[in-house]
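Each chain is listed here by its residues.
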Amino acid sequence: MLQRFLDPTVLAGISSLDLLAKTVVDGFVAGLHRSPDFGFSQEFAEYRAYTPGDDLRHVDWNLYARTERTYLKRYRGETNSQLTILLDASNSMQYSSGPVKKMDYARFIAASLFYLAIHNQRDAAGLIVFDDEVREYIRPSTRQGQLARLFAGLERAEPRARTNYSKPLQHFQNFLHRRGIVLVISDFYEEPQTIIQAIAPLRFHGNEVILFHVLDPQEIRPVLKGSMVLVDLETDRRMEVIPEYVKTEYRARMDAHLEALRTQAHAAGLDYQLLVTDRSLDAALREYLALRQAGN
Amino acid sequence: MGFLAPWFLGGLAALSVPVFVHLLRKHVTVPRPVSSLMFFERGIQSSTRHRKLKHLLLFALRFALVLLVVLAFANPFVRRASADANSRLLLIVLDRSFSMKAGSGGMSAGTRFDDAKKQALATLAARPHGEKAQIVALGGEVELLTQPIADDAQLRAALESIEPGDGHANFGELGRAFRALTETVHAPIDLHLFSDMQHSAMPANFGDMVFPPSVKLTLHNVAKGAAPPNWTVESVNAPAELADPKDPKLSRVEAVVAGFNTPAANKTVSLVIGGKVVATSKVNIPENGRATVEFAPLNVAYGSDRCAVRIDGGDAFPADDATVFAVRRSDPERVLFVHEAGDTRSPLYFGAALSAVAQSSYVLQSVVAEQATDLDPSKFAFVVLSDSLTLPSIFEHALEAYVAKGGNVFVALGTSAVRGTRIPLWGGQVQDARDYIRDYARKGAGIGVGQVDFSYPALAQQQPGRDNGGWPEVKVDYAAVVDTAGARVAARLTDGTPIVLDKQIGEGHVLLLATGLDNLTNDLPLHPVFVVFVDHAARYLSGTDRLSGSRLVDAYVQLRSGTEPAIAAGSVEVTDPEGRRPLSLSEARTAQSLRLEHAGFYQIHFANGQDAVIGVNSDRRESDLAAIPDDVLELWSGSSPDAAGGTAIATAPQETKQPFSLWWYVMLLAFLTAMAETAFASRYLGTQREGA
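These figures come from a predicted structure and were not determined experimentally. (Residues numbered from 1 in each chain as written. Chains lettered and ligands numbered in written order. Predicted model: local features only at pLDDT ≥ 70, side-chain atom pairs only at ≥ 80, totals over all residues.)

Caption draft 1: Representation of the overall build of chain A within the structure. Within chain A, the secondary structure is distributed over ten helices and ten strands. Partitioning the intrachain contacts of chain A with sequence separation of at least 6 by distance along the chain shows that 75% fall at a separation of at least 24. (Helix = DSSP H or I, 4+ residues; strand = E, 2+ residues; numbered from the N terminus. Contact = placed C-beta atoms within 7 Å.)

Laid out in structure tokens, this is it:
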């Protein structure tokens, strides 16, 4: 029954991100209890050979005593225990054809994931808000009040300026010291190659990088009744467009863009997921968990 | 072309509104925001052009709509000929007067009316196809039987339905009717008159029968040759009421027989009572002359007797050989005369005058006012209150009820009528009392009766003469001034004081003489006109003059009083000479009067229970079959005094042009434009909405 609250149209009416995230995650987790496929616990996962630099505290000394070999004991709950979300706050994110803006949708996802990570799994979580530069950075932490700080950061992330992936992502390297999950939420209006080139380096530190591509349904399948002047939200450039073009050529080009982005992301070892703002939020959470499952 | 309300053209300033709106719309576009123009390309030019064209069409429609609405308010018109040659109106007038029943003469055995109807039908059939026509019957009055229509069957049926009547035609009435008609019908009229062109149908003034210039008159005279000889009973003088058949003064019938265009001849004249010839008389009628025949005594039975005087005409017009009349025999009716105790002169004068009247049969019962308590007024023909202003209350109430039910009272105000005295039944007081004796002493001349309404039944005189019926010789010394509200003033003194008044109360009447009957306040009882006055007043007040006697065709009989409430009224039954009931059930309850359309005996049962039999005769002017001289007919038909030819006159109105308003057409166009604008605008605005 709580599933109906995961509809982004309904969630748009909830002003508090805290309440919103709690509603989404609790509803979502309540739904998951019936599923045996997903689980969250500190149970044993695997043994891994010791390599120099590993923390000696995680060496299984009992096993060493029996076999004289050093193995590290790993648990599920310890894997990727740091979540960093990179949120695109450029002007294009404020587009909407319905009651929910792309930015709102992105916020809902981010808030829900933060709640899930901190409240349910005691993971560290951080936030980087960027457009053409890094606007806000909240260091990943599990400290008391971290969730509130993250929500406040999300609240402050109003769309403005343009997107520029290359410039802010240079700084991301400085922020991401520990391995973890890096989640990039954006509409990715840029050439796929440029995007991948900018984001792929994040993976070099052992990060698991997931791209959440947020789009409005009207951006994928736009409908025009007649000739119309369109204005770019980021550049303010105007252009008169006819419906015939939108019906045929535009859709083809958009499909090609999505396909190229997906392909190149996978090729670069990045996970990619397209999120359309008319879909319910549990789909996004499902994608996230599926990707984590795969990563473990 | 012009405008009937040009000041509305100021509304053309509103044309700037669509211009302004469309100019603004061209510059103000509502762009649609998108995240990125990355995948878009600029549209081709042709589509933008198409869109602009649509705007231009919308703008044109809006511009036209405002323009048309303003024009509609300004009411444009064009001048159009009021009628063209094809819109002539054929008017067929068929004379159905009494004289048309006469034989047509010549070879045919039919009447003049039959010939006239045949010719009228032929004229109707010969008219151009599609030409509008109208059928008119001319009898005692002008009857428009159809509207101007082109339907042959309807016109023919209307013409066929005309039957010869008993009325008297008057070409003056015809002229007046068509002068009124041409004020509404602007098309030229071809008038075909089918008549015997009887000379007696001409009005006294030739100008009355002249038609307006737009009427082209064609005469069809159905009377061939010289007028045939015709004898008729021109008039009958017989008592309507008879009490004693042995009374030599009253029980007699005097008839005047006349010949028109006849040689001297011996004719037999008969008196017919109840269908039986009771007396005959030979009479020698001179050439084109008259003779008088007298029948006495008149032995009629009790009740209403249907009588006729008939002449053995043996002429071409047998319909006028008899004149009918009704005589009602009854016992002498009593008249209650109430007077003051000391007044013995007024009953003497009034009784003497009443008994001197030739045609009345009344017995006067005089009584002192104080002794009238137990008397029932309904047992008397009428009641006279001679200077009796103080009545026993019981008797006064009885009198009020009597008048309300239809009884009539004659009130004479004598010396008792001083200022402030209440007048019984009249409903008011004596407002003033005029004493003219002092005037007489000072000026040496008394005051007389100045104005007399001779149409009032109690004062009726057919030919009052130059002495005004003898009334000016009456000297009045004392007269009361009464309230005239709701009353009819039938006579006034020379100073304007009403002297004879009539007021209707309920169904009855109160006749008020504002002076006395006792030869003290005036010298009226000493004049011959007093006898005539008493005679007429007695017949009027007793109501017997409407129960019998004779009338002319097209006269009216009053069936009930005008102030009578319709619900309380009883039903009236009328049987015409053919035995039919001319009034429908609803008319029988509401009709105020009846027009006597046919010759013969009418039987009428009035609402108050009285029965009447009335003999109705056609106007004897119809018996003179002489036609209008040809030169007069030519003058009437072929020309008017101020024009050269009828054709020229008839075509004159064709050139007049009438303004023809285009308002309706402009408004229709505006409506269509508005619909088109709505269709285009909704499509256009719908696109804008989805794009927004």
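Caption draft 2: Fine view of the overall build of chain B. A count of helical and extended segments in chain B gives 13 helices and 35 strands. Taken over 692 residues, chain B has a buried fraction of 37%. The contacts of chain B with a sequence gap of at least 6 include a subset with a gap of at least 24, amounting to 75%. (Buried ≥ 20, exposed ≤ 12 C-beta atoms within 10 Å, placed from the backbone.)

Caption draft 3: Molecular detail of the interface of chain A and chain B. Each side of the interface is counted separately: chain A has 28 residues, and chain B has 21 residues. Looking at the side of chain A that touches chain B, the elements with two or more residues in it are strand 8 (228-232), strand 9 (238-241) and helix 9 (243-267) of chain A. Broken down by element, the side of chain A that touches chain B gets its largest block of residues, six residues, from helix 9 of chain A. The residue inventory of the side of chain A that touches chain B, partitioned by class, reads 14 nonpolar, four polar and ten charged. Bridge count between strand 8 of chain A and strand 2 (residues 32-34) of chain B: three bridges; the pairing is parallel. (Nonpolar A, V, L, I, M, F, W, Y, C, P; charged D, E, K, R; others polar. Pairing = 2+ DSSP bridges.)

Caption draft 4: Representation of helix 5 (residues 146-156) of chain A. Residue and element names in this part refer to chain A. When we look at burial in helix 5, the residues that qualify are Gln146, Leu147, Leu150, Phe151, Gly153 and Leu154. Burial along helix 5 is one-sided: seen end-on, the buried residues are contained in an arc of 155 degrees. Facing away from the buried surface of helix 5 by more than 90 degrees, the exposed residues are Ala148 and Arg156. (Arc of directions from axis to C-beta.)

Caption draft 5: Spatial organisation of the nonpolar core. Residues and elements named next belong to chain B. Core analysis: the biggest nonpolar cluster contains 86 residues, and Ile92, Val93, Leu94, Val257 and Val327 have the highest contact counts within it. Residues from two domains meet in this core; each of domain 2 (85-227 + 628-655) and domain 4 (549-617) gives at least three. Beyond its immediate chain neighbours, meaning those up to four positions away, valine 257 contacts Trp231, Val233, Glu234, Lys267, Val269, Val283, Ile285, Arg290, Ala291, Val293 and Ile311. Core analysis: the second largest hydrophobic core is formed by 64 residues, Val335, Ala479, Ile499 and Leu512 among them. (Core = buried A, V, L, I, M, F, W, Y, C linked by C-beta atoms within 7 Å. Domains from an automatic or database assignment.)

Caption draft 6: Seen up close, the confidence of the model for chain A. Residues and elements named next belong to chain A. On average, residues of chain A carry a pLDDT of 77, and 77% of them reach 70 or more. Note that residues 1-5 has pLDDT below 50 and, in this model, eleven contacts with residues that lie over four places away or in other chains. The low-confidence segment residues 32-41, where pLDDT is below 50, has eight contacts with residues more than four positions distant or belonging to other chains. (pLDDT = per-residue confidence, 0-100.)

Caption draft 7: Inspection of the sheet that holds strand 21 (residues 422-423) of chain B at higher detail. If you walk across this open sheet you meet the three strands as 21-22-25 (chain B), and the pairing is antiparallel. Both outer strands of the open sheet, strand 21 and strand 25 (478-482) of chain B, are each paired with one neighbouring strand and no more.

Caption draft 8: Local environment of the packing of helix 3 (residues 112-125) of chain B against helix 4 (residues 152-160) of chain B. Residue and element names in this part refer to chain B. Contact geometry for helix 3 and helix 4: axes closest at 10 Å, N-to-C directions at 170 degrees. When the interaxial angle is binned, helix 3 and helix 4 end up roughly antiparallel. Across the interface between the two elements, Lys117, Ala120, Leu121 and Leu124 of helix 3 pack against Leu155, Arg156 and Leu159 of helix 4. The residue makeup of the contact of helix 3 with helix 4, split by class, is five nonpolar, no polar and two charged. (Axes fitted to C-alpha atoms, helices over the stretch in contact; angles between N-to-C directions. Parallel < 35°, antiparallel > 145°, perpendicular 65-115°, else oblique.)

Caption draft 9: Representation of the sheet that holds strand 13 (residues 276-285) of chain B. Residues and elements named next belong to chain B. The strand order across the open sheet built from five strands is 10-16-15-12-13, with neighbouring strands paired in mixed fashion. Lying at the two open borders of the sheet, with one neighbouring strand each, are strand 10 (241-242) and strand 13. Across nine bridges, strand 12 (residues 265-273) lies against strand 13 in antiparallel orientation. Counterpart to serine 270 in the pairing with strand 13 is threonine 280.

Caption draft 10: The arrangement of unusual backbone geometry in detail. All names here are of chain B. The omega angle of the peptide bond from alanine 296 to proline 297 is -10 degrees, so this bond is cis rather than trans. Looking at the element boundaries, proline 297 is found in the loop between strand 14 (290-295) and strand 15 (303-311). Phi is positive for asparagine 261, which is not a glycine, with a value near 55 degrees. By the secondary structure assignment, asparagine 261 is in the loop between strand 11 (253-260) and strand 12. Here asparagine 261 falls in the partly exposed class, since 15 other C-beta atoms lie within 10 Å of it.

Caption draft 11: How the structure looks around the environment of leucine 155 of chain B. Residue and element names in this part refer to chain B. Position of leucine 155 among the secondary structure elements: in helix 4. Residue leucine 155 is classed as buried on the basis of its 23 C-beta neighbours within 10 Å. Sequence spacing of leucine 155 and leucine 145 is ten residues, and the spatial spacing of their C-alpha atoms is 8.9 Å. The residues touching leucine 155, leaving out its near neighbours within four places in the chain, are Leu124, Ala133, Ile135, Thr146 and Ile149.

Caption draft 12: Local environment of the confidence of the model for chain B. Residues and elements named next belong to chain B. Confidence in the prediction of chain B, expressed as mean pLDDT, is 82, and 87% of residues score 70 or more. Between residues 639-655, whose pLDDT stays under 50, and residues either more than four places distant or in other chains, the model counts 26 contacts. Scored below 50 in pLDDT, residues 687-692 shows ten contacts in the model against residues more than four places distant or in partner chains. Across the assembled chains, the prediction reports ipTM 0.75 with pTM 0.52.

Caption draft 13: Structural view of helix 7 (residues 393-404) of chain B. Residues and elements named next belong to chain B. In this model, helix 7 (twelve residues) spans 16 Å end to end at C-alpha, consistent with the 16 Å of a helix rising 1.5 Å per residue. Of all the residues in helix 7, the buried ones are Phe395, Ala398, Leu399, Tyr402 and Val403. Buried residues in helix 7, looked at end-on, bunch into an arc of 135 degrees, giving them a common side. Opposite its buried face, helix 7 presents the exposed residues Ser393, Ile394, His397 and Ala404, each directed more than 90 degrees away. In this structure, the buried residues of helix 7 make contact with strand 19 (382-386), strand 20 (409-412), strand 27 (498-505) and strand 28 (508-513). (Expected span 1.5 Å × (residues − 1).)

Caption draft 14: Main features of the environment of leucine 669 of chain B. All names here are of chain B. Mapped onto the fold, leucine 669 is located in helix 13 (residues 663-691). Residue leucine 669 is classed as partly exposed on the basis of its 17 C-beta neighbours within 10 Å. Spatially, the C-alpha atom of leucine 669 lies 9.6 Å from that of alanine 72, the residues being 597 residues apart in sequence.

Caption draft 15: The environment of glutamate 340 of chain B, seen in detail. All names here are of chain B. Within the secondary structure, glutamate 340 is located in the loop between strand 17 (333-339) and helix 6 (345-356). Expressed as a C-alpha distance, the spacing of glutamate 340 and leucine 385, which sit 45 residues apart in the sequence, is 9.1 Å. Among all residues touching glutamate 340, those that are not within four sequence positions of it are Ala369, Asp387, Ser388 and Ser416.

Caption draft 16: The arrangement of the pairing of strand 28 of chain B in detail. All names here are of chain B. Most of strand 28 sits inside the fold, with six of its six residues counted as buried. The side-chain alternation of strand 28 yields two buried faces, one formed by Gly508, Val510 and Leu512 and the other by His509, Leu511 and Leu513. With four bridges connecting them, strand 20 and strand 28 associate as parallel partners. For valine 409, the partnering residue across the bridge sits in strand 28 and is valine 510. Inspection of the sheet shows strand 27 paired to strand 28 by six bridges, in the antiparallel sense. Within strand 28, the residue paired with valine 500 across the bridge is leucine 513. The hairpin formed by strand 27 and strand 28 contains two residues between the paired strands, and glycine 506 there has a positive phi angle of roughly 65 degrees.

Caption draft 17: A look at the packing of helix 4 (residues 102-120) of chain A against helix 5 of chain A. All names here are of chain A. Between helix 4 and helix 5, the least distance of the axes is 10 Å, while the angle of their chain directions is 175 degrees. As far as their axial angle goes, helix 5 and helix 4 are roughly antiparallel. Of the residues in helix 5, those in contact with Arg107, Ala110, Ala111, Phe114, Tyr115, Ile118 and His119 of helix 4 are Gln146, Leu147, Leu150, Phe151 and Leu154. Class assignment for the residues of the contact of helix 4 with helix 5 results in nine nonpolar, two polar and one charged.

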